[in-house]
Amino acid sequence: ISLIDVMDLLDQPLPGDTNKTPSSPMVFQQHINLNNVSFRYASDAPWVIKNINLNLNKGSRIGFMGVTGSGKSTLIDILMGLLPPTEGEIVIDGQAITAENRCAWQSHIAHVPQHIYLSDSTIEENIAFGLPEDEINFKRVQQAARQAQIAGLIESWPEQYQTFVGERGIRLSGGQRQRIGIARALYKQADVIIFDEATSALDNETELAVMEAIESLGSELTILIIAHRLTTLKNCNQIIEVGNNSILRVGKYDELIDVAL
């Protein structure tokens, strides 16, 4: 029965906009607004999030925290256009996200997950991930590596950007893999970068180094960081705690740590 279910899922058609190139870019210069956003997976299922209202300014560093199952990952998936809200809307500079313009919004976004997938190829190919070798812009690769604060290390190796990382990046440390993930997001030239538990598997010292790389990114980038630990979000402009299907608290680190103590 499970095999039949899997085959049925694989046999479903892809969404019509899967391979569609946005006809025109969506303007994002000021705000991302969530207006009364609610989501559930079926009409008879419980609400995962309910009546979320947020205003996220371009260029800000926003932290999201909450226990497992609190709804924070669902909220981020909605922000990325991966899930349409059941109720409410996401509005970018006054323009609501729809099925027709979703790809245009997603072209602004890069995602850095907890576990970075690295192919058994070169540093260069892993930063410009998915592109044929003859289409890679090497200067952009170098610039992305500098912004991710890993260029110095790469350029100290004999093969530099032609260094092979090994299967799943086995030749790199956890912190180096995460910074390659950051460089990959920057190569895409996205202006909204989402770090999804990107440092939770790292030791404290390595996490600090990766967070310093994140904090050094330009102010033109909007950074959204999902984390379990409040200390990871210390330098965010705004921290949003998600729980019980809604927003529990919004504030700066000092305000929230005082409450926690």
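Just above, that's the structure.
Residue numbering note: each chain is counted from 1, following its sequence as written. For a predicted model such as this one, the threshold for reporting local features is a pLDDT of at least 70, and the threshold for listing and counting side-chain atom pairs is 80 or more; totals across whole chains, interfaces and linings nevertheless cover every residue. The side-chain values count all of the structure's non-hydrogen atoms but skip hydrogen atoms and water molecules.

Which parts of the structure should I look at to understand the packing of helix 5 (residues 138-147) against helix 7 (residues 174-187)?
Axis angle and axis distance: for two packed helices, these are the angle between their axes and the distance between the axes, and together they describe the pair. Taken N-terminus to C-terminus, the directions of helix 5 and helix 7 make an angle of 130°; their axes are 8 Å apart at the nearest point. On the basis of their axis angle, the class for helix 5 and helix 7 is oblique. The interaxial crossing formed by helix 5 with helix 7 has right-handed handedness. On the side of helix 5, the interface is formed by Arg-140, Val-141, Ala-144, Ala-145 and Gln-147, while helix 7 contributes Ala-183, Leu-186 and Tyr-187. Residue composition of the contact of helix 5 with helix 7, grouped by class: six nonpolar, one polar and one charged. A fitted line through C-alpha atoms serves as each axis, taken over the contacting stretch for helices, and the angle formed by two N-to-C directions is quoted from 0 to 180°. To qualify as a helix, a DSSP run of H or I must reach at least 4 residues; to qualify as a strand, a run of E must reach at least 2; elements of each kind are numbered from the N terminus. Each angle receives one of four descriptions, namely roughly parallel if under 35 degrees, roughly antiparallel if over 145, roughly perpendicular if within 65 to 115, and oblique otherwise. Take the far helix as the reference: if the near one is turned anticlockwise from it by less than a right angle, the crossing is left-handed, and if turned clockwise, right-handed. The contact criterion used throughout is that any non-hydrogen atoms of two residues lie within 4.5 Å. Side-chain classes follow a simple rule in which Ala, Val, Leu, Ile, Met, Phe, Trp, Tyr, Cys and Pro form the nonpolar group, Asp, Glu, Lys and Arg form the charged group, and the remainder, Gly included, forms the polar group.

What exactly am I supposed to notice about the sheet that holds strand 6 (residues 109-112) here?
To summarise the sheet geometry, strands pair through backbone hydrogen bonds and adopt either a parallel or an antiparallel arrangement. When DSSP finds two or more bridges between a pair of strands, those strands are recorded as paired. Across the sheet, which stays open at both edges, the six strands sit in the order 6-7-8-3-9-10 with mixed pairing between neighbours. Edge positions in the open sheet fall to strand 6 and strand 10 (246-251), since each of these has one partner strand only. Pairs of neighbouring strands in the sheet enclose a mean axial angle of 20°, with direction left out of account. Taken together, the five bridges between strand 9 (residues 238-243) and strand 10 define a ladder with antiparallel strand orientation.

Hey, could you run me through empty space enclosed by the protein in this one?
Once rolled over the atoms, a probe with the size of a water molecule shows which space is left empty. Put simply, the grid is 1 Å and covers the protein atoms alone, a cavity is a trapped set of points that fit a 1.4 Å probe, a pocket is an open set with protein on both sides within 12 Å along at least five of seven lines, and lining residues have an atom within 4 Å of a point. Grid points are joined across faces, edges and corners, and a volume is the space filled by probe spheres set on the points. What the rule picks out here adds up to two cavities of 30 Å³ or more. Here the second largest cavity is characterised by a volume of approximately 40 Å³. Taken together, Arg-61, Met-211, Ile-214, Glu-215, Ile-225, Thr-232, Leu-233, Asn-235 and Cys-236 form the lining of the second largest cavity. No other element matches helix 8 (residues 204-215), which puts three residues into the lining of the second largest cavity. Class assignment for the residues of the lining of the second largest cavity results in five nonpolar, two polar and two charged.

Sorry if this is basic, but what is going on with the pairing of strand 3 (residues 61-65) here?
Consecutive residues of a regular strand have side chains that alternate between opposite faces of the sheet. Residue exposure (1.4 Å probe, protein chains only): buried if accessible area is under 20% of the type maximum, exposed if over 50%, otherwise partly exposed. Within strand 3, five of the five residues are buried, leaving the element largely enclosed by the surrounding structure. With burial as the criterion, each face of strand 3 is covered, one bearing Arg-61, Gly-63 and Met-65 and the other bearing Ile-62 and Phe-64. Note: strand 3 against strand 8 (residues 222-227), five bridges, orientation parallel. Its bridge partner being in strand 8, Ile-62 is matched across the sheet by Leu-224. Looking at chain direction, strand 3 and strand 9 are connected through four bridges and run parallel. From the neighbouring strand, Met-65 faces strand 9, where its bridge partner is Glu-241.

Explain the nonpolar core here, please?
Note on terminology: a nonpolar core comprises buried Ala, Val, Leu, Ile, Met, Phe, Trp, Tyr and Cys residues joined through side-chain atoms within 4.5 Å. By size, the foremost hydrophobic cluster in this structure holds 42 residues, and its most contacted members are Ile-123, Ile-127 and Phe-195. Looking at which element gives the most residues to this core, the answer is helix 7, with six residues. Judged by nonpolar contacts, the second largest core, of 30 residues, contains Met-26, Leu-56, Ala-104 and Trp-105.

By themselves, these are just geometric observations and shouldn't be taken as functional.
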